[in-house]
Amino acid sequence: MVGLRAIRRGKRCVIALTLACALGPAIAFEGKAPEQPSEPSALEQSFDDLIATAKTSMMGAPSEAMTAAEASYAIASSMTGEQQTVAMATALWLKSEAAMRVGQPEEGLKAVREGLALLENVEGETVLKADLTLSLGRLAGRLSQAKLAVTSFFEAHELFVEVGNARKESLALQSLGSIYRDAKSYDKAIEFFRRAAEVYQGDDIVRLSIENNVGNILRDTDRYDEARPYFDRALAIAEEMGSDILVARVLTNMAQLELESGRYQRSHDHVDRAAKLLQTPEGKHWARFVLATDADLALIAGQDMSALASIEQALDGVALGETTMSFKEVHETAARVYAAVGEWEKAFIHQRHFKRLSDEALSIAASSNLALLGAEFQFAEQELAIQRLRNEKLESAAKLNEVEERQQTQQFIITSGSLVILLVLGVVAFVLRTQRKVAGINNELSTTVEQLSTEIERREKMEQDLIEAKEKAEDADRMKSAFLATMSHELRTPMNGILGFTEVLLGSDLSDEQREQVEIIDQSSGSLLTLINDILDLSQLEAGKFNLREGDFDPRVTAENAVKLLRAKAQEKHLDLVVSIGSDVPVKAYGDEDRLRQILLNLVGNAVKFTEKGAVFLEVTRGEAEGSLHFAVRDTGVGIPQDKIDILFDRFSQIDGELTRKQAGSGLGLAICKELTAAMGGDIGCSSIEGKGSTFYFTAKLLTDTDEAPADRPLEGQKVFILDSFNQRREAIVDMAKRTGAEPVCFRTRADAAAGLKEVMGKEDAPVAVLIGDAIEHDDTRTWIANLQVEGILDASKTIAYGLIDQRLADVAEIILEQPITDRNVRAAVLNVAGEAAPKRAATPAGSAMGSGAIATVDDTLAQKKVLVVDDVVANRKLVECILKQLGVTCAFAENGQEAIELAGTETFGIILMDVYMPVMGGIDAARTISSGHGPNANTPIFALTASASLEEQGEARKAGMRGILTKPLDVAALKKTVISCLKGEDAAGTKAAPKTA
């Protein structure tokens with residue numbers, strides 16, 4: 001007889017749909033009822049009716065099953081003899097199962113022990129004894145009596161094997177799998193569930209239990225992709241059975257899986273569907289766990305009040321001090337919700353109950369491990385006994401077969417004599433027929449040889465055709481590569497002149513109207529260059545000519561610098577930029593830094609473009625896959641309709657709508673990002689809530705080892721106060737503060753912050769730093785801070801301001817964090833005011849020369865050496881001259897490689913800037929001749945000026961003796977830095993400027 005087990009196992013105990021939850025006596029009951037006469041008496045009929053009622057109501061209405069079981073026990077007491085004993089034991093078994101479901105495991109344990117005692121001296125009731133033993137194990141597990149549970153399950157398994165009941169044997173194996181899961185021996189647990197599947201899969205309930213349990217174990221171990229197919233199959237079985245409650249339970253498991261794996265929209269969909277199915281009295285209990293999951297999702301979305309409403313509805317009517325293991329994570333969620341809304345007393349209460357249940361879970365895991373260690377040998381002996389029994393059966397079957405074979409041999413000898421005579425006659429006839437057939441076969445062979453010769457000729461011709469087709473395809477591929485290189489050069493070369501001279505103009509003395517006009521030219525040219533780069537990248541990807549340029553780099557620095565490039569655009573729209581990097585992200589990665597930066601610039605740039613107010617967040621953490629990093633760009637923008645998410649990464653696709661049409665773009669950026677992430681061994685996706693914001697996330701294989709970054713927690717145990725009413729930004733700052741070891745205390749209102757500061761004023765637990773964001777109730781931030789400092793509540797030397805804050809706060813704040821807000825500058829600022837850091841960071845962002853390429857001072861010695869500029873385009877030569885003139889450098893010019901060789905043979909230069917594609921002689925050949933000769937410029941650094949910079953071209957340039965490559969359109973700052981380094985004799989090898997981005 002199969003019982004139910006409602007207790008959650010493992011670290012995620014709220015959602016686990018274990019065997020006990022899935023199986024009910026209504027389907028699984030196989031106990032042997034008292035032997036009935038052909039026409040049962042009225043007493044016996046009443047007993048049978050009550051037993052049937054208990055079984056059918058066990059799953060949906062266990063309290064009714066309890067009442068029916070107790071009534072059937074009263075009737076059984078009126079029977080006599082062995083019939084009375086078996087009937088009473090059956091009623092007690094049903095009572096124990098119902099008691100477990102209505103939350104009375106002690107009462108159930110008492111009933112099942114009484115039932116086993118009744119059957120102690122009764123023969124022939126092995127199945128009923130095994131069912132009671134299995135129920136004993138489940139109730140012991142509910143009451144954390146791990147040793148009793150383990151021994152009961154092993155004993156029940158042995159009994160079911162003895163009677164040959166495969167279905168019950170499978171259920172016992174599943175119960176053992178659950179115990180191994182309690183002990184956190186997940187591989188063993190999966191092994192038992194798979195053995196259960198091998199033993200029996202004869203009905204939907206057993207299959208549902210196995211699929212769901214294995215899915216939960218895989219989820220316990222964060223193997224989300226492996227778990228999904230199991231839950232999908234479990235859901236299909238539950239839907240086929242037509243049980244809304246079972247469907248809802250599986251959906252809740254799936255919602256938790258998607259929540260933990262970061263797929264929030266899918267989790268939300270599962271929660272909505274489960275909630276609709278549970279709007280019945282029978283579904284009320286399970287609905288609590290659905291509501292808790294909904295609260296988790298609301299917290300993640302920054303909807304604190306919605307989360308509060310869900311968690312309070314989930315806990316309505318629950319006695320907090322009496323909650324069992326199934327409420328462990330409900331308490332954890334409640335603690336986070338109440339903390340988010342500032343109800344600290346309630347948060348502490350739930351944190352305390354969460355700890356109580358966590359300690360209980362650890363105790364169960366420990367006791368389960370001990371019990372399993374003691375039972376392993378016993379189970380192995382049991383398995384050997386079972387195998388011996390099967391071997392004996394096989395031996396008996398073999399002896400029987402041997403007798404039958406002897407009889408068949410005798411019969412064969414009798415009949416074989418007759419067959420010999422017939423065989424001789426048959427041989428004679430066969431010889432005659434064979435002679436006739438040989439002649440026919442010879443004719444057929446001749447025909448076949450002719451056909452084979454024809455087929456060989458046809459295949460040889462086909463092979464020749466394939467060789468010719470392959471050669472043509474290779475020629476076409478080479479032509480495509482040459483075309484890409486040519487188009488890259490021809491398109492980017494004029495852009496070099498346009499963007500270069502607009503930048504030179506912007507650095508000159510212009511009127512306001514002229515400056516505005518030049519800026520429009522610069523922005524429009526930048527947009528055109530972005531489109532050209534996207535089209536060329538896409539062409540390279542399609543042609544199979546795309547290669548990653550891999551090397552060592554710091555992913556933390558790359559992420560922060562990529563966001564810094566978009567600081568100006570964000571400040572124009574009054575948006576915050578926040579970069580949060582997990583402490584487990586190492587400082588060394590191996591991959592294509594430029595392509596990673598390209599993806600980040602695209603995603604963060606899109607987020608800034610489509611966000612009108614709020615902030616844009618970049619989060620970097622270790623990925624689930626070994627050696628991978630996970631990047632997530634989150635915004636508070638317009639969001640994306642659900643029916644449009646699937647086409648986001650298609651080429652030339654754009655989301656319809658007035659707002660989107662206002663924004664420039666080709667629709668290629670995300671398609672290229674998808675290709676790039678795939679090339680880096682990762683994937684990309686999006687989740688969005690329309691009107692709330694979007695999250696674009698991607699992974700990339702960038703780590704060469706699995707070592708985590710060393711933990712540095714200098715402020716361990718010290719408090720940091722954070723005042724910020726912008727929920728998402730506050731949560732990011734909290735995480736950054738925690739990575740210093742500090743204990744952050746958050747306030748959402750000025751009143752709460754002032755009260756908190758007053759409470760700790762002058763005490764040992766006063767905060768070592770106070771961070772104040774600009775998203776507070778009203779604009780007069782400076783006056784409010786100043787008043788607190790005058791009252792002595794707030795120490796000016798401990799004050800850090802951040803956000804889009806006016807510089808007028810500089811006299812009331814020790815430090816004003818620059819944008820973007822990063823782990824690096826938050827850590828530096830907090831350690832600074834806490835007295836743990838060396839020099840202070842600048843109070844305001846330093847002036848940026850990111851676009852202008854300006855250099856404040858120039859060494860007079862630069863004018864002593866000339867620069868040779870070799871380019872067949874007049875505009876390009878003129879542009880380089882204008883840029884270098886700002887450094888006081890003199891230039892000499894050549895229109896092709898031949899002229900460059902002639903000049904290099906007569907005059908010494910400090911550096912040679914050489915175009916690659918030129919008439920008469922190209923730059924590669926000219927560089928090879930100059931560097932391999934014995935003239936005055938044999939050791940002069942030569943840098944290629946090219947609009948292509950493919951891997952093949954870089955290799956050819958280095959073989960020819962070139963020191964590095966500067967890509968067109970030229971980055972002015974990179975050009976100046978390279979020229980200055982070479983003219984001063986410093987090493988500038990390997991310089992390669994990235995194309996200018998819009």
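Residues numbered from 1 in each chain as written. Predicted model: local features only at pLDDT ≥ 70, side-chain atom pairs only at ≥ 80, totals over all residues. Heavy atoms only, no water.

1. Quick notes on the sheet that holds strand S8 (residues 719-723)
Spatially, the five strands line up as an open sheet ordered S9-S8-S10-S11-S12, and their pairing is parallel. Bordering the open sheet on either side are strand S9 (743-747) and strand S12 (815-816), each of which pairs with just one other strand. As paired strands, strand S10 (residues 769-773) and strand S11 (residues 799-802) are joined by four bridges and run parallel to one another. If you follow Leu771 over to S11, its bridge partner there is Ile800. In the packing of helix H28 (residues 823-833) onto the sheet, the strands contacted are S8, S10, S11 and S12, and the crossing angle to S10 comes to about 135°. (Pairing = 2+ DSSP bridges. Helix = DSSP H or I, 4+ residues; strand = E, 2+ residues; numbered from the N terminus. Contact = heavy atoms within 4.5 Å. Axes fitted to C-alpha atoms, helices over the stretch in contact; angles between N-to-C directions.)

2. Looking at the packing of helix H7 (residues 126-142) against helix H9 (residues 166-182)
Interhelical geometry of H7 versus H9 gives an angle of 15° and a closest axis separation of 11 Å. The angle between H7 and H9 falls in the class roughly parallel. Seen from above, H7 lies across H9 with left-handed handedness. Judged by residue contacts, Asp131, Leu134 and Arg138 of H7 engage Lys168, Leu171, Ala172 and Ser175 from H9. When grouped by side-chain class, the residues that make up the contact of H7 with H9 number three nonpolar, one polar and three charged. (Parallel < 35°, antiparallel > 145°, perpendicular 65-115°, else oblique. Left-handed = near helix turned anticlockwise from the far one by under 90°. Nonpolar A, V, L, I, M, F, W, Y, C, P; charged D, E, K, R; others polar.)

3. Topic: the environment of Glu211
Tracing the chain through its elements places Glu211 in helix H11 (residues 204-220). With 16 residues separating them along the chain, Glu211 and Ala227 place their C-alpha atoms 9.3 Å apart. With residues up to four places along the chain from it excluded, the contact list for Glu211 reads Tyr230, Arg233, Ala234 and Ile237.

4. A closer look at the UniProt feature "repeat: TPR" (unreviewed entry) in the protein
When the UniProt feature table is mapped onto this chain numbering, "repeat: TPR" (unreviewed entry) sits at residues 170-203 and 208-241. From the first C-alpha to the last, residues 170-203 spans 11 Å; its make-up is 79% helix and 0% strand. (UniProt positions renumbered as here; feature names shortened; annotations may be inferred.)

5. Quick word on a negative patch on the surface
Together, Asp512, Glu513, Glu516 and Glu519 give the surface a local cluster of negative charge. Secondary-structure assignment places Asp512 in helix H19 (residues 512-543). (Patch = residues over 30% accessible without salt bridge, like charges linked within 9 Å, V, L, I, M, F, W, Y side chains within 5 Å. Areas by Shrake-Rupley, 256 points an atom, 1.4 Å probe, with all protein chains shown as cover. Salt bridge = Lys/Arg side-chain N within 4 Å of Asp/Glu carboxyl O. Lys, Arg positive; Asp, Glu negative; His and termini not counted. Charge placed at Lys NZ, Arg CZ, Asp CG, Glu CD.)

6. Digging into empty space enclosed by the protein
By rolling a water-sized probe across the atoms, one finds the places where empty space is left. All told, the structure shown has two cavities of 30 Å³ or more when counted by the stated rule. Considering only enclosed or pocket space, the second largest cavity measures out at about 60 Å³ in volume. Forming the walls of the second largest cavity are Phe721, Ile722, Leu723, Phe747, Ala753, Leu757, Val770, Ile772, Trp784, Leu788 and Leu794. Mapped onto the lining of the second largest cavity, the elements with two or more residues apiece are S8, helix H26 (750-760), S10 and helix H27 (781-790). Here the lining of the second largest cavity gets three residues from one element, more than from any other, and that element is S8. Of the residues contributing to the lining of the second largest cavity, the split by class is 11 nonpolar, no polar and no charged. (1 Å grid on protein atoms, 1.4 Å probe; cavity = no way out; pocket = protein on both sides within 12 Å on 5 of 7 lines; lining within 4 Å. Points joined across faces, edges and corners; volume = space filled by probe spheres on them.)

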